[in-house]
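Now for the letters of each chain:
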Amino acid sequence: MFSLENASFFLSVDPQRNLFSVAPRQKNAPSLKDVHFSVRYRRGGTWYQLEENLQASVDAPSDEASIHGELRTRMVRFGPNRHGLTIEMTFALPRALPLLFWRMKIRHTGNRPVSLGRIELLRVGFISASQARPRRNGPGYPRGDYVFPLKGAVPAFFSNGWGSWNYTGTMGFTEHFHRTRFGWFNGPMRVNPGTPQPRADGRFASDMFGVLGDRANRGGLLLGFLSQKEHFGSLEVLTNPLSRALSLWANGDETQLEPGGEMVTDWACLQSVHLDVADALGPYLDAVARENGLPAEVDAEIPVGWCSWYEYFQHISAEVIRMNLAQAARFSDQVNLDLIQVDDGWQAQIGDWDRFSPAFPNGAAPLAQQIRSEGFKPGLWLAPFILHPRSRLAADQPDWILRNRLGLPVNAGFVWNTFTRALDISRPEVLAHAVNVVRRASEDWGNTYLKLDFLYAGALGGRRADRTRSRAKILRNAFEEIRKAVGPEITLLGCGCPLGPAIGLFDAMRINADVAPYWFPRFLGHERIFRREPDFPSARNAIQNALTRAPLHRRWWVNDPDCLLIRPDSDLSPAEVRSLATVIALTGGSVLLSDDLTKLPPERLKMAQQLLPPIGKRPEIQDWFDSAMPARVRIDLEGAAGRWHLLVRFNWTDRPADLSIDLQDFQLDPSRSYALREFWTGEVRTVEGEATLFTGIAPHGCVLAAVRPISGAPMYVGSELHVSQGLEVTGWEPFQHGVRLTFGIAPGRDGCIVLRLPEKPAGEGIEDLGDGFYVFRVNLRLESRFEIRYA
Ligand code: 9PG
């Protein structure tokens, strides 16, 4: 027995019993007792489990410097077993972080190659799918357990989807996992083949990381991996209080390990979680960023622009793009877009990226050139790893297509009304082809922003030419080659992309399902059976992950929350459009329009204007662990006009509801009074006491309030100029009988601003709301500096 500890964890390892236990110091976080680790492997035609009763030897502890600061590490060697396999488990506790790391190395000194299945780094309890059969009557088979230390635990699990589009959110122990009902159809696009899709209530799975927590006592434990360079990592958990189990594993993907070879996993990681701390997952997410070579904060520019997909889908033409480009140029003094991104539809066929659709007779280069000459950044969509079965490439290079054991092409998902195919990018010549497709789009055609889509197709299950590398490793390598080929200056947006292997290589990442001009998912006009699909295109599903994955923003990349649809003739109600705009604005990522720009009426265009420039900051999603769809967001802002908070509450029910902004809920001091301005209605209030109620909020609507503590001094209360209700102010100089105000970032707009003043201001056209609140109309096209004087 030995132990390692830091301020957050006490780890004890029992080499003789091949077990370890973990006790978080945090009083309400679950502890792990008698944790098993194991490797499934195939030798010849038989599967084995490398697990029990291995001879152990322990190295001396050592202190090492690392990118995570000083680590106290200790290695234990188990084996070799009868087939010559040895496991080396290295435990590492960072001295100054609330984290615990460990990883496994497998050395093969036997005489026949083996194929690796699940490499289980942690298991407590019995999960049948982990194939670790407990021999009921075996010699005291220790099952292990996880334990919530406090009484009355209400377990829940935060699950992260595999790729960009896939459902992420928290589910309570009486609920069931949010899985697709159409897996046979579109499973490849949605599900990591290594991650189970449980059906039973209280049984959940996750990719890369997940959080097991106690909603009642507010503690939790994050389990995950620091990177996905070696393998895709998966989790499964049983949260039923009567049958608890937990498993974290690296997917070996049946990669071959030759005699004399070795294989190492990415670092597994534990973090104890305070559910009520604003940035609960910060320590883990930051460690992942460091592990993938990223700085503490990704300070890339936030993309702002227009994308062709959600208005035209594949029916685009050079003409349609030019028309929207011209319109964007026309209103650029009011709505300042930067990027014009051509989506799916320019190419002759999915897979044939060197030939063009007849609607693009001159190809992509002249269009990019024209976009640039109008002062915009040209962007192009590509899906370099997926193929239409009728593409020329599929016919010309049948060997490049990923196949299964029977030699049949692997289904890459039902898209574009067909069952698609994937490239086997483990073959150097195939990868070189895919990389060249991307390189050509930037270097030869002049696009500086590339939306690389359907990237999961590079990591499907199948029999690859190279059987020594896992799916994650092959995908990571492909991303590295793409980045090398385009250079550091090109903005790469990942889409349909398994998240882990992309970290550190993409500038921006789609983190949600496609948006749509309707709320619930539908397909061919039907809503009923698709309504509960967790990641089919719909405004609801897009909003879901935009909120639950907000903590990734500026840590792993710039989040792309998909497009803002503001056309008046959609099936989204005005309240739903406002919620979509609120989510996109408050989660800080890309702001992309995707309507026919020539048809947007002024009042809708104004919404786009109000979102620009983007706030860009990462918000707090306050109830991320408490509701499947978070409904409470806070962001703290600071500018020339002081510091303030934006507070949001959503009504995700299907009926009108009353919503209260409760100061305590938002961790604000209820003994102070605050000035509040609701953005979408312009309503102004003084909030005294604990809460303030907004009645009759429409279904799927929201309240977006700017809140500032009241002092006697003159104060900026908010405006309709910018969604932040304050960042538009770049100068604020109170003097004895008034205040001088400068607006910086909002040229070309006009509208109301609200101030709270100690005395009545002099001048025309000022509306007195009482209680010291005054509304002024400003027109920034005419002037941007104002002096307000008291009588
Ligand atoms: C272009 C589009 C857009 C969009 C991407 C991606 O069949 N499906 O389930 C399905 C899911 C997503 C999808 C298309 C089809 O959209 O997210 O922004 O670029 O491809 O084809």
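Residues numbered from 1 in each chain as written. Predicted model: local features only at pLDDT ≥ 70, side-chain atom pairs only at ≥ 80, totals over all residues. Heavy atoms only, no water.

### Examining the overall build of the protein
Part 1 of the reasoning: If you tally the helices and strands in the protein, you get 11 helices and 50 strands.
Part 2 of the reasoning: Against the globule reference of 28 Å for 791 residues, the protein gives a C-alpha radius of gyration of 28 Å, in line with a compact fold.
Part 3 of the reasoning: Dimensions of the protein, computed from C-alpha atoms along their principal axes, come out at roughly 90 × 65 × 50 Å.
Part 4 of the reasoning: Out of the 791 residues belonging to the protein, those deemed buried represent 62%.
Part 5 of the reasoning: For the protein, the accessible area works out to roughly 29,200 Å², and carbon and sulfur atoms hold 49% of it.
Part 6 of the reasoning: Of note, the protein has its 89 positive side-chain charges centred 7 Å away from the centre of its 88 negative side-chain charges. (Helix = DSSP H or I, 4+ residues; strand = E, 2+ residues; numbered from the N terminus. Rg over C-alpha atoms; globule rule 2.2 N^0.38 Å. Buried < 20%, exposed > 50% of the residue type's maximum accessible area, 1.4 Å probe, protein only. Areas by Shrake-Rupley, 256 points an atom, 1.4 Å probe, with all protein chains shown as cover. Lys, Arg positive; Asp, Glu negative; His and termini not counted. Charge placed at Lys NZ, Arg CZ, Asp CG, Glu CD.)

### Focus on the pattern of salt bridges
Part 1 of the reasoning: In total, this model carries 53 salt bridges according to the counting rule given.
Part 2 of the reasoning: In this structure, Asp 654 engages Arg 531 in a salt bridge whose closest nitrogen and oxygen atoms are separated by 3.3 Å. Of the two residues, Asp 654 sits in the loop between β38 (642–650) and β39 (657–662) while Arg 531 sits in the loop between β33 (508–510) and α9 (539–548), which places them 123 residues apart along the sequence.
Part 3 of the reasoning: Of the residues examined, Asp 654 reaches a relative accessible area of 43% and is grouped as partly exposed.
Part 4 of the reasoning: Linking Asp 596 and Lys 599 is a salt bridge whose minimum nitrogen-to-oxygen distance equals 3.4 Å.
Part 5 of the reasoning: Within the structure, one salt-bridge network assembled from shared partners comprises Asp 59, Arg 77, Glu 88, Lys 105, Arg 107 and Glu 262. (Salt bridge = Lys/Arg side-chain N within 4 Å of Asp/Glu carboxyl O.)

### A few points about the site of the ligand
Part 1 of the reasoning: Taken together, the neighbourhood of the ligand is formed by 17 residues, with Tyr 310, Asp 343, Asp 344, Lys 451 and Asp 514 sitting nearest.
Part 2 of the reasoning: For the ligand, an oxygen atom lies 3.2 Å from a polar atom in the side chain of Trp 381.
Part 3 of the reasoning: With respect to the ligand, the side chain of Asp 453 contributes an N or O atom lying 2.9 Å from an oxygen atom.
Part 4 of the reasoning: Protein contact buries 89% of the 460 Å² of open area that the ligand shows by itself.
Part 5 of the reasoning: Contributions of two or more residues to the shell around the ligand are made by α1 (183–190), α3 (309–312) and β28 (414–415).
Part 6 of the reasoning: For the shell around the ligand, the residue count by class is 10 nonpolar, no polar and seven charged. (Near = heavy atom within 4 Å. Polar contact = N/O pair within 3.5 Å; in protein donor to acceptor, adjacent residues only side chain to side chain. Nonpolar A, V, L, I, M, F, W, Y, C, P; charged D, E, K, R; others polar.)

### Quick notes on helix α7 (residues 428–444)
Every α-helix winds through 3.6 residues per turn, so residues three or four apart in the chain are directed the same way.
Part 1 of the reasoning: With 17 residues, α7 ought to run about 24 Å at 1.5 Å a step, and its terminal C-alpha atoms sit 22 Å apart, in line with that.
Part 2 of the reasoning: Considering only its buried residues, α7 is in contact with β25 (352–356), β26 (377–382), β31 (449–452) and α8 (471–486).
Part 3 of the reasoning: The positive-phi residue at the C-terminal boundary of α7 is Gly 446, with phi of around 85°. (Expected span 1.5 Å × (residues − 1). Contact = heavy atoms within 4.5 Å.)

### Description of the packing of helix α4 (residues 318–330) against helix α5 (residues 365–373)
Part 1 of the reasoning: Running from N to C, α4 and α5 point in directions that differ by 5°, and their axes come no closer than 11 Å. By the angle between their axes, α4 is roughly parallel relative to α5. Contacts between α4 and α5 involve Ala 318, Ile 321, Arg 322 and Leu 325 on the former and, on the latter, Leu 367, Gln 370 and Ile 371.
Part 2 of the reasoning: Its residues assigned to classes, the contact of α4 with α5 comprises five nonpolar, one polar and one charged. (Axes fitted to C-alpha atoms, helices over the stretch in contact; angles between N-to-C directions. Parallel < 35°, antiparallel > 145°, perpendicular 65-115°, else oblique.)

### Details of the sheet that holds strand β45 (residues 729–735)
Part 1 of the reasoning: Taken in spatial order, the three strands make up an open sheet running β45-β46-β50, and their pairing is antiparallel. Since the sheet does not close on itself, it has two edges, and those belong to β45 and β50 (785–789), each with one partner. Here the average twist between neighbouring strands, direction ignored, is 15°.
Part 2 of the reasoning: As paired elements, strand β46 (residues 738–743) and β50 share five bridges and run antiparallel to each other. When the sheet's bridge partners are listed, Leu 741 is paired in β50 with Phe 786. (Pairing = 2+ DSSP bridges.)

### Some remarks on the nonpolar core
Part 1 of the reasoning: Core analysis: the biggest nonpolar cluster contains 166 residues, and Tyr 284, Leu 337, Phe 385, Leu 450, Phe 454, Trp 556 and Trp 624 have the highest contact counts within it.
Part 2 of the reasoning: When sequence neighbours within four positions are dropped, the list of residues in contact with Trp 556 reads Met 208, Phe 209, Tyr 284, Leu 285, Val 288, Ala 289, Leu 294, Val 298, Ile 503, Gly 504 and Phe 506.
Part 3 of the reasoning: Membership of the second largest hydrophobic core comes to 54 residues, among which are Val 35, Phe 78, Phe 148 and Leu 223. (Core = buried A, V, L, I, M, F, W, Y, C linked by side-chain atoms within 4.5 Å.)

### Points about unusual backbone geometry
Part 1 of the reasoning: The linkage connecting Gly 79 with the following residue, Pro 80, adopts the cis geometry, with an omega of 5°.
Part 2 of the reasoning: Looking at the element boundaries, Pro 80 is found in the loop between β8 (71–78) and β9 (85–94).
Part 3 of the reasoning: In this structure, the amide linkage connecting Leu 612 to the following residue, Pro 613, adopts the cis form with an omega of -10°.
Part 4 of the reasoning: Checked against the element boundaries, Pro 613 lands in the loop between α11 (602–611) and β36 (620–621).

### Section: the pairing of β9
Part 1 of the reasoning: Within β9, nine of the 10 residues are buried, which leaves the element mostly enclosed by the surrounding structure.
Part 2 of the reasoning: As judged from the eight bridges shared by β8 and β9, these two strands associate in the antiparallel manner. Residue pairing in the sheet places Thr 73 in a bridge with Ala 92 of β9.
Part 3 of the reasoning: In textbook terms, the turn of a hairpin is the stretch between consecutive antiparallel strands, and for β8 and β9 this stretch comprises six residues, one of which, Gly 79, has a positive phi near 105°.
Part 4 of the reasoning: As defined by bridge partners, β9 adjoins strand β10 (residues 99–108) across eight bridges and the pair is classed as antiparallel. Opposite Phe 91, over in β10, you have Trp 102 as the bridge partner.

### A word on the sheet that holds β36
Part 1 of the reasoning: Here we have six strands laid out as an open sheet, ordered β36-β37-β38-β43-β40-β41, and antiparallel in their pairing. What marks the edges here is a single partner per strand, and that holds for β36 and β41 (684–687).

### Some points on the state of the cysteines
Part 1 of the reasoning: A complete count under the given rule lists zero disulfides for this structure.
Part 2 of the reasoning: Take Cys 563: it sits in no disulfide, and the sulfur closest to it among the cysteines is that of Cys 307, at 4.1 Å.
Part 3 of the reasoning: A relative accessible area of 1% means that Cys 563 is categorised as buried.
Part 4 of the reasoning: With no disulfide partner, Cys 752 has as its closest neighbouring cysteine sulfur the one in Cys 702, 19 Å distant. (Disulfide = S-S within 2.5 Å.)

### Some words on the packing of aromatic side chains
Part 1 of the reasoning: Scanning all chains against the criterion turns up 46 aromatic pairs.
Part 2 of the reasoning: Seen in terms of ring centroids, Phe 185 and Phe 414 are 4.5 Å apart; in terms of plane orientation they differ by 25°. Their pairing is stacked. Here Phe 185 is found in helix α1, whereas its partner Phe 414 is found in strand β28, with 229 residues between them in sequence.
Part 3 of the reasoning: Taken together, a centroid distance of 5.3 Å and an interplanar angle of 75° make the contact between Trp 624 and Phe 625 edge-to-face. The pair formed by Trp 624 and Phe 625 is uniform in burial state, with each residue classed as buried.
Part 4 of the reasoning: Taken together, the aromatic side chains of Trp 165, Trp 346, Trp 353, Phe 356, Trp 381, Trp 416, Trp 445, Phe 454 and Tyr 456 make up a single cluster linked through ring pairs. (Phe/Tyr/Trp six-rings, centres within 6.5 Å; stacked < 30°, edge-to-face > 60°.)

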